[in-house]
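For reference, the chains in residue letters:
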Protein chains: 2
Amino acid sequence: MKQLSSCSREELLALKAEYSQAYADFQARELKLDMSRGKPAPEQLDLTMPMLDALTSRDCLTDATGLDCRNYGVLDGISEVKTLLAPMLGVSEEDLVICGNSSLNIMYDTMTNAFTHGVLGGTPWSKLDKVKFLCPVPGYDRHFAICEHYGIEMINIPLTESGPDMDLVERLVAEDDSIKGIWCVPQYSNPDGFSYSDETVRRFASLKTKAKDFRIFWDNAYGIHHLTDEEVRVPNILDEAKKVGNEDIVYMFASTSKISFPGSGVAMIAASQANLDSLKKTMAVRTIGYDKINMLRHVRFFKNFDGLKKHMELHKAIIAPKFNAVLDLLAQELTPLGIGSWTAPKGGYFISFNTPDGCAKRVVTLCQEAGVVLTGAGATFPNGIDPDDRNIRIAPTYPSVEELKTAVSLFCLCVKLAAVEKLLEN
Amino acid sequence: MKQLSSCSREELLALKAEYSQAYADFQARELKLDMSRGKPAPEQLDLTMPMLDALTSRDCLTDATGLDCRNYGVLDGISEVKTLLAPMLGVSEEDLVICGNSSLNIMYDTMTNAFTHGVLGGTPWSKLDKVKFLCPVPGYDRHFAICEHYGIEMINIPLTESGPDMDLVERLVAEDDSIKGIWCVPQYSNPDGFSYSDETVRRFASLKTKAKDFRIFWDNAYGIHHLTDEEVRVPNILDEAKKVGNEDIVYMFASTSKISFPGSGVAMIAASQANLDSLKKTMAVRTIGYDKINMLRHVRFFKNFDGLKKHMELHKAIIAPKFNAVLDLLAQELTPLGIGSWTAPKGGYFISFNTPDGCAKRVVTLCQEAGVVLTGAGATFPNGIDPDDRNIRIAPTYPSVEELKTAVSLFCLCVKLAAVEKLLEN
C-alpha cells in the first residue's frame, strides 16, 4: 500500500471516494458506542463485588485502635487504611491523609484553599492580579477545568516520554512569581501513558521557584495501573524533595477509583507535615470526617498492598487485551499509509493519538456522526485549544473487545478520510 | 430545701464545704465520660447494621434508570435516593441534589463558592471589604467555625421558642448590604431544641434584604429526629418562598448522619433551580459524582420515607429515656435550689442549660477536672464568647443511662458549687 503523502491528486480523489463509501456503510449500521471517558468496564467492576461482603451486619466495625468506625471521629483516616494505601504513593503513613470518594475533589479543595486562605501563610491567590499554572500537554481535561474555573492562566509545557520539558519548567518558574503551580500525572500520564524519568522527578523535587507558594499538583492516578509485565515505578517525589529540604513543594494525590469502584472508592493526599497541618485546619472546618466504614471495607477486602497489586493483575487481564486490540488495528490500518502516530502505554487508561495536523476535530466529528463518541478534540489541552488540532484521547477500557474493534475500525477510516481531505485542500 | 438566693453567707459557706466534699468524692472515682458532642450511642448504630447487608456481591447495583451505580456518572444523585429523601425536607425531587457523606461539607462548599465565585452573578464575597452573618444564639459551633474561617463578622440574634427575633432580623437585613446570610436550625435547634413557628418561616421566606446575594443557610439537621409523640413539622421554607417569588433566598441542608451512620450517610441540599444550577456548575468541576453505591445502600435498606420514619422511632426508643433521665435529675437537684434553667426538647440531640450568669466556664472546668468532658462553655456562641457566660450544651445521646446519671449528678453538683462560689463573690 502506498503512503498517502506520496499519492497523486487522482489517487487521493479515488481514495476519498472509497473511504466515503465505507463511511456511509458505517453510518448505515447505526452504531452507538461511547469511548469518551476512562471508565472501567463492567467486568472490572465485577472484580470488586466481593468487597460488598467484606462488611456485614455480623462484622465488628472497630478499627485497629478500637475506634468505632460507624460513629463520628478521626479527620485524617483510620490507621489501617493508611497502612494499606501508603505504599501506593510510597510515602510514610504520617505524610498521608485519607479522604472521601475521589481525588479530584481533594485537588479542587486544595486549589480552593490556596485561593481563599493562601499557601502556608502566603497571600490568598484570590487577592492576586494574576495566577498562572504550567500545564504539561497533552493532559487531563479536569485539571484544566479547575484552572479555568478559577480564572488561572494556563501555560502549555510540552510533555516528552521522560516527562515535561524541564528546561522550560525550570526557566519559567525561576523568573515569574505569578506561576503558582503545575499539574503532573507522573506515571502512565493521561493521555500519553508516559512516565516521568528519575531525573525528571529529581529536578521537580529540587525545583527553585520565584513564588514561595508554588506547588506541584502530583496526581498519581495510575500508580499501580500496569498494562505490561514491566511495572514502571516513578520515584516518590516527597522523599526526593525531603532530601533537598524542599518538601513543601508538592501535593501528591491518588485514589482507588480505578481499583475498587469509581465514585465509591477512597482517595488520599500526601504532603509535608507543614502542608498537611495547614490543609487539615481547613478540612476540620469543612468536615467532621470522611467515610470510615468505606475505608474499613477497603481494608477488609484488599487486606494489604499485596492484595491491591494482585487485584490490579486481574484488571490488567481484562483491559490489556483491549489496548492490544486497538494498537493492532491502528498499526494494521494506518502504518501502511504513513498517517497518524500514537503511544503504546505500559499502564494507565488511555492511548494518545495524533492525526496529521489540523485533522483531530474533523475525525472526532466524523466518528460522532457515525455513532462513536470520542473525547472531544482539544480536550487534552488547556481551554480546549490544541494548537495543532491533532491530539485525540482514546479510552479503550469500557467497550468490549468486539465493540472496540468496530469503533477503532471506524476511527481509522475517519483518520484516513480526514487525512485525504486535508491533503486535497493543499 | 432553701433557694440559694435566700441563703445567708454562713449558709452558703456551709453549702460550699458540703459541695466541695462531694466534689472531692467524685474526683476520687476517676470518671472518664465524654458528653462533648452529639454522637449517637452504639445501640443506635446497631439499628443500622442490617444496612450493610442491603448490598452484597449477589445484588444488582443498577438504579431505577438502569444506571450502573458502581461506575462513574450522575452528578446530583440517583433518582430513587431523591425519592427516599425529598420528603425529609418536604421538597420536590427536582429541587434536590444528593451529595456525599455529610451536610457540613455541603454548607462549607456553598459558603466557599459564594466567596470564590459569588452568588448568582454577584461579586465574590472574597472581593468585599466586609461580610457579615446573622447568628441566632445559642447555636451550632461548626456553623460559627465556618464564618470564623472566612473572617465573617458574626452578629448575635437572640433565639426564642418560636425562632430568631424576626423583628431584629428584618431590620438588620433591610439596612445593611454587607449582611450576606443567616444560619438557621429550624427544627429542634442546636442546642435549645426550639422549632421555628409557621410565622417565623413565612417571615424568613418573604425576607426583604438589602443584599441581593443574601442567603438563608437552613440546616434542617433534625427534621425527623423526634423525642416525643408530638412530631413537630416546620413548614417547607422553599415552598413558602416560591409562593412570594423569593425562592432564591434559601439553601436547605440535611443528612442521614444521625439516621444511618455518622460519616457514612448521605447528605443533601435543596434550593431553587437558579441556585442549584449555579452550585452544580462548581460541583461539576469539583467532582465526577458522589458515592452512588452508598446512596443505593440507603435506598435498599430504608425502602421509602415510611421506612425512615419507622427507623427514627427505634432511635427515639433508645434516646428519649436518656433525655428524660437528664431532665429528671436536673429538676430533682436544681429546681429546689432555684438555680439554672434548661430546655425540654421535643426532638434533636441536645438540652440547652443556662447556669446563673458568669458560671458556665467554671462549671465546665469543674466537670472536666472530675472526668466529665462537656462541650466547651461559649461554644454555642460566635467566636466562643457567651456574653453572659451561662450557656452549656448537654449531649445526652452517647453515654448509657447509668453513665448519664453519674455525669449529670456531677454536673448538677458543679452547678451548685459554682453558683455558691458566685454568690459568695458578691
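Now for a quick tour of the structure.

What counts as what
- Residues numbered from 1 in each chain as written.
- Chains lettered and ligands numbered in written order.
- Predicted model: local features only at pLDDT ≥ 70, side-chain atom pairs only at ≥ 80, totals over all residues.
- Heavy atoms only, no water.
- Contact = heavy atoms within 4.5 Å.
- Buried area = accessible area lost by both parts, 1.4 Å probe.
- Salt bridge = Lys/Arg side-chain N within 4 Å of Asp/Glu carboxyl O.
- Helix = DSSP H or I, 4+ residues; strand = E, 2+ residues; numbered from the N terminus.
- Least-squares fit on C-alpha atoms with pLDDT ≥ 70 in both.
- Phe/Tyr/Trp six-rings, centres within 6.5 Å; stacked < 30°, edge-to-face > 60°.
- Buried < 20%, exposed > 50% of the residue type's maximum accessible area, 1.4 Å probe, protein only.

1. Here we look at the interface of chain A and chain B
1) Next: In this complex, chain A contributes 58 residues to the contact, which on the side of chain B involves 58 residues.
2) Next: In this assembly, chain A packs against chain B so that about 4700 Å² is buried in total across both faces, 53% of it on carbon and sulfur atoms.
3) Next: The largest share of the area that chain A buries against chain B comes from Arg70(A), Tyr72(A) and Arg286(A), three residues that together contribute 17% of it.
4) Next: Here chain A and chain B share 4 salt bridges between them.
5) Next: In this structure, the salt-bridge partner of Arg286(A) is Asp109(B), at a minimum N-O distance of 2.8 Å.
6) Next: Where the side of chain A that touches chain B is concerned, the elements lending two or more residues are helix H2 (42-48), helix H4 (103-117), helix H5 (141-149), helix H9 (273-286) and helix H10 (292-302) of chain A.

2. Describing the relation of the copies chain A and chain B
Each copy of the chain is related to the other by a rotation around an axis and a translation along that axis.
1) Next: Relative to chain B, chain A is turned by 180 degrees and slid 0.0 Å along the rotation axis, the superposed coordinates differing by an RMSD of 0.1 Å. Such a combination of rotation and displacement between the chain copies is what one expects of a two-fold axis.
2) Next: Of the interface residues in chain A, 100% have counterparts in chain B that sit at the interface too, so the contact is made through matching surfaces.

3. Some remarks on the packing of aromatic side chains
The description of two aromatic rings rests on the distance between their centres and on the angle between their planes.
1) Next: In the structure shown here, the tally under the stated rule is 34 aromatic pairs over all chains.
2) Next: Where Tyr251(A) meets Phe253(A), the ring centres are 6.5 Å apart and the plane angle is 55 degrees; that geometry is what we call tilted.
3) Next: Taking the centre distance of 4.4 Å and the plane angle of 25 degrees together, the rings of Phe115(B) and Tyr150(B) count as stacked. Linking Phe115(B) in helix H4 (residues 103-117) with Tyr150(B) in the loop between helix H5 (141-149) and strand E4 (153-160), this pair joins segments that are 35 residues apart in sequence.
4) Next: An aromatic cluster of three or more residues is present, and its members are Tyr108(A), Phe115(A), Trp125(A), Phe133(A), Tyr150(A), Trp183(A), Phe217(A), Tyr251(A) and Phe253(A).

4. Brief notes about unusual backbone geometry
1) Next: Looking along the chain, the bond that leaves Val137(B) and enters Pro138(B) is cis, with omega of -5 degrees.
2) Next: You can see Pro138(B) is positioned in the loop between strand E3 (132-137) and H5.
3) Next: Cis geometry is adopted by the peptide bond preceding Pro191(B), which originates at Asn190(B) and carries an omega value of 5 degrees.
4) Next: The phi angle at Tyr188(A) is positive, at roughly 50 degrees, despite the residue not being glycine.

5. Details of the pattern of salt bridges
It is possible for side chains bearing opposite charge to pair when their charged atoms get close.
1) Next: Inspection of the entire model under this criterion finds 52 salt bridges over all chains.
2) Next: Across the pair Lys130(A) and Glu153(A) runs a salt bridge whose closest N-O atoms are separated by 2.8 Å. Here Lys130(A) is found in the loop between H4 and strand E3 (132-137), whereas its partner Glu153(A) is found in strand E4 (residues 153-160), with 23 residues between them in sequence.
3) Next: Look at Lys130(A) and you get partly exposed, because its relative accessible area is 40%.
4) Next: Here Arg203(B) ties to Glu199(B) by a salt bridge, and the two come within 3.4 Å at their closest N and O atoms. Taken together, the residues span about one helical turn, with Arg203(B) and Glu199(B) both in helix H7 (residues 198-205) at a distance of 4 residues.
5) Next: Owing to a relative accessible area of 45%, Glu199(B) belongs among the partly exposed residues under this scheme.
6) Next: Through salt bridges that share partners, Asp109(A), Arg286(A), Asp109(B) and Arg286(B) make up one connected network.

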